[in-house]
Amino acid sequence: MYIVKVLIEHPVHSLDMTFDYLSHQKIMTGVRVNIIFNHRRIVGYVEDEEYTTFTKEQLEEKAGFSFSFIESVIDEEPLLNEELKQLASTLSKLTMSPRISCLQAMLPTQLKPSTHKAVGIKYVKTVVIKEYGKAKTKKQQECLDYLKEYQELSLKDIPYSKAILDKLEEQGLICYRQVENYRNPYIIEEKKQVVTLTKQQQNIVNQITSKEPCVSLIHGVTGSGKTEVYLSLASYYIQRGKNVIMLVPEISLTPMMVKVFKERFGEKVAILHSRLSSGEKYDEYRKIKRQEVHIIVGARSAIFAPIENIGLIILDEEHDGSYKQESHPRYHTAQVAKIRAKSHHAHVVLGSATPSLESYSRALKGVYDLYELKERINQKPLPYIEIIDMVESMKQNNYTPFSYPLRKKIQETIDKGEQVILLLNKRGYASVVRCNDCGEVVKCPHCDVTLTYHKEEGQLKCHYCDYTLPLVKTCPNCQSSKIKLIGYGTEKIEETIEKTFHHASVIRYDVDTTRNKNSHLKLLERFRNKEANILLGTQMIAKGLDFENVTFVGVLNADLSLNIPDYRSSERTFQLLCQVAGRSGRGNKSGTVMIQTYNPDHYVIEAVKTHDYQAFYQEEMKYRRLAKYPPYCHMVSLIIQSKKEEDVRLCASEIAQYLNQHLTRAQVLGPAKSMIYKMQDIYRERILVKFFDGRMIYENLNKICDYYSKNKRKVTIVCDFNPYSQI
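This section reports on the structure supplied with the text.

Conventions we followed
Residues numbered from 1 in each chain as written. Predicted model: local features only at pLDDT ≥ 70, side-chain atom pairs only at ≥ 80, totals over all residues. Heavy atoms only, no water. Buried < 20%, exposed > 50% of the residue type's maximum accessible area, 1.4 Å probe, protein only. Helix = DSSP H or I, 4+ residues; strand = E, 2+ residues; numbered from the N terminus. Pairing = 2+ DSSP bridges. Contact = heavy atoms within 4.5 Å. Polar contact = N/O pair within 3.5 Å; in protein donor to acceptor, adjacent residues only side chain to side chain. Axes fitted to C-alpha atoms, helices over the stretch in contact; angles between N-to-C directions. Expected span 1.5 Å × (residues − 1). 1 Å grid on protein atoms, 1.4 Å probe; cavity = no way out; pocket = protein on both sides within 12 Å on 5 of 7 lines; lining within 4 Å. Points joined across faces, edges and corners; volume = space filled by probe spheres on them. Nonpolar A, V, L, I, M, F, W, Y, C, P; charged D, E, K, R; others polar.

For strand S29 (residues 682–691), a buried count of nine out of ten residues is recorded, marking the element as mostly surrounded by other parts of the structure. Strand direction decides the pairing type here: strand S27 (residues 634–642) and S29, joined by nine bridges, are antiparallel. Of the residues in S29, the one forming a bridge with Gln641 is Arg684. Pairing geometry for strand S28 (residues 666–679) and S29, over eight bridges, is antiparallel. Following the sheet pairing, Lys673 is matched in S29 by Glu685.

Here it is, written out as structure tokens:
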């Protein structure tokens with residue numbers, strides 16, 4: 001008899017422990033099992049097991065409660081190797097998350113320790129020659145001769161009928177086989193091409209490969225050839241029997257990175273991101289686990305790929321907030337990359353045209369190695385940037401989203417047969433629906449936000465809980481019919497462009513138009529093929545795109561992100577504007593950028609205009625130092641949440657009082673209502689703690705979480721270290 005210690009599939013702090021089950025057979029640790037828990041059949045993850053000579057009755061008498069047997073074992077072998085099991089434990093402690101949530105984050109949906117419909121292996125029927133004999137008819141012999149050219153051929157690839165093949169099988173000349181067939185998400189041919197690196201690029205590759213494993217930051221302006229450095233580094237490590245993880249921040253960037261890596265390395269590349277179908281994810285994961293590939297390209301979760309013998313981990317656009325997971329476990333991808341790199345004795349390379357302040361300050365201090373690419377490939381000039389003061393535009397009685405200079409430049413670019421990229425970081429048609437008589441604003445009943453109008457669907461939508469409502473015709477408060485749509489998003493701008501510009505053809509690129517599988521890839525291919533001359537989008541278009549015919553980039557409202565009450569708002573705005581400006585003039589033609597703003601004298605806007613990262617860095621660090629924000633301290637955000645508003649208020653006050661009493665060398669800010677106080681019917685208050693001593697913080701936060709997980713009040717505490725979201 002074996003006592004099996006099982007983590008259950010529910011990632012709740014109060015259930016973050018193993019539960020004992022019995023088994024007549026030895027069960028390997030790291031596999032999934034079906035169990036009964038609280039009268040429900042669920043899935044568990046085996047964390048440990050031990051042999052016992054006691055009977056079930058003796059164990060129950062000793063323990064004082066009854067034991068259940070494991071119903072069945074799901075997996076034939078452990079899902080994770082020892083390194084990843086250890087990583088899950090480390091991540092659980094660092095993020096203060098239940099261990100099961102860390103295991104779930106590491107696995108594709110089909111393999112998560114959770115109850116779901118499993119995806120199976122895809123098989124293809126093949127034909128194999130069994131004996132080189134003589135067939136009975138001329139047609140059968142012809143088919144047999146054709147098959148002799150191949151060792152094995154898929155049934156669908158054979159240009160002869162199934163009836164002829166069946167006759168050959170009856171004669172014992174061939175046999176059918178079911179062969180596992182991987183689903184291929186991207187079919188891209190490998191291209192044998194010789195690329196000569198610039199002197200700067202080659203110098204970076206030489207220095208990184210000649211050093212002991214460490215973290216390197218490549219700070220290269222947009223269009224400076226960072227991707228070619230990544231490819232050369234990957235080639236170096238693969239040739240030496242090592243494997244590579246190549247990460248991009250957003251799924252929309254994955255196809256372009258997959259394309260360049262597959263063209264260079266062919267079938268050695270696997271892809272991991274959430275937009276793959278269930279079957280594709282399952283197959284890609286199994287290819288990696290079987291060590292059939294040497295490079296993994298993917299978004300954030302690809303950092304957990306079960307690849308052995310890692311030599312290099314690359315994070316492109318390392319500054320991007322998408323690398324931070326905003327649900328349990330709240331990890332940062334770079335943090336996980338460094339832990340894995342230490343286990344494998346591997347290099348970590350961070351790349352960006354606008355590095356995060358934390359990364360750049362570490363590089364200046366010598367914690368990271370710093371490499372600079374200050375010029376574009378072939379000395380192409382960076383685009384000229386013009387700042388448009390929208391206050392002056394309003395003085396000219398122009399209240400449209402397009403200033404006169406921007407409108408003129410867009411039309412000129414279209415007339416020359418060139419292409420335009422326009423950035424507006426707000427989707428939908430109108431931001432607010434308001435009654436002109438009483439001033440009532442239509443809000444989400446479940447979240448403390450206004451509903452956004454989406455004209456295509458004719459609905460008002462909440463972007464936080466997906467609540468929808470048909471567009472109201474009368475005010476729900478005073479029944480007035482004077483309903484006004486206020487503000488604009490990408491949907492309205494698309495409509496305006498088609499009315500304003502001659503011969504304009506627009507592709508809108510935002511969350512709404514890229515929901516379906518491969519839709520982001522299809523839209524970008526259409527733009528590359530010049531089926532449209534304007535690409536309008538949210539921040540998704542700001543990074544990684546390379547279109548030779550784009551000579552003009554326009555930013556409709558640079559202040560959207562600048563005015564968010566968040567200490568990172570200036571940094572995010574600088575990064576966003578620099579990145580989108582870098583999409584212009586990447587081909588043989590020079591590029592121009594126009595940025596519309598109500599704050600033309602703001603230091604962020606001035607630094608963007610001159611492409612001056614150093615000026616921005618120096619100015620922003622003054623404010624960070626003055627206010628003691630990262631990188632001058634560490635931070636943790638505590639979100640106290642409950643369906644009962646009174647419980648949230650009371651517990652938040654208790655926690656703040658406890659922290660002020662027990663923490664030294666720390667500053668406790670709050671509690672205060674979260675930026676969105678109610679979300680999905682949950683009330684939320686927030687406490688920010690700036691600290692220097694991590695041990696003291698973890699010790700006290702663990703006590704708080706333990707106390708409230710056992711407290712009768714239905715309150716949950718979310719601990720978010722180095723938070724990226726202020727929501």
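There's more to say after this.
Relative to the elements of secondary structure, Tyr632 occurs in the loop between helix H18 (613–627) and S27. Taking the C-alpha atoms as reference points, Tyr632 and Leu485, 147 residues apart in sequence, are found 44 Å from one another. Excluding anything up to four places from it in sequence, Tyr632 contacts Met621, Arg624, Arg625 and Phe692. Among the polar contacts listed, one links the side chain of Tyr632 to the side chain of Arg625, at a separation of 3.0 Å.

Take the sheet that holds strand S19 (residues 452–454) next. Spatially, the three strands line up as an open sheet ordered S19-S20-S21, and their pairing is antiparallel. The open sheet has two edge strands with one neighbour each: S19 and strand S21 (468–470). When strand polarity is set aside, the average angle formed by the axes of neighbouring strands in this sheet is 35°. The pairing of S19 with strand S20 (residues 459–461) spans three bridges and is antiparallel. Along S20, the bridge assignment pairs Tyr453 with Leu460.

Turning to the sheet that holds strand S30 (residues 716–721), a few remarks are in order. Pairing in this open sheet of four strands is antiparallel, and the strands run S28-S29-S27-S30 from one edge to the other. Every other strand in the sheet has two partners, leaving S28 and S30 as the edge strands with one partner each. Within the sheet, the average angular offset between the axes of one strand and its neighbour, ignoring direction, is 20°. Strand contacts of helix H20 (residues 694–710): S27, S29 and S30, with the helix running at about 160° to S30, the strand carrying the most contacts.

Glancing now at H18. Two residues of an α-helix separated by three or four positions point the same way, owing to the 3.6 residues in each turn. When the terminal C-alpha atoms of H18 are compared, their 21 Å separation across 15 residues agrees well with the 21 Å that a helix rising 1.5 Å per residue should span. Put simply, Asp612 is the residue that caps the front of H18, since its side-chain oxygen is 3.3 Å from the backbone nitrogen of Gln614. Two residues or fewer past H18, Lys628 is found with a positive phi of approximately 55°.

Moving on, we get to the layout of surface pockets. Put simply, the second largest pocket is a space of about 1400 Å³. Elements that contribute at least two residues to the lining of the second largest pocket include exactly helix H7 (226–239), helix H8 (254–265) and helix H15 (519–528). The element best represented in the lining of the second largest pocket is H8, accounting for seven residues. When its residues are assigned to classes, the lining of the second largest pocket shows 15 nonpolar, 13 polar and 16 charged.

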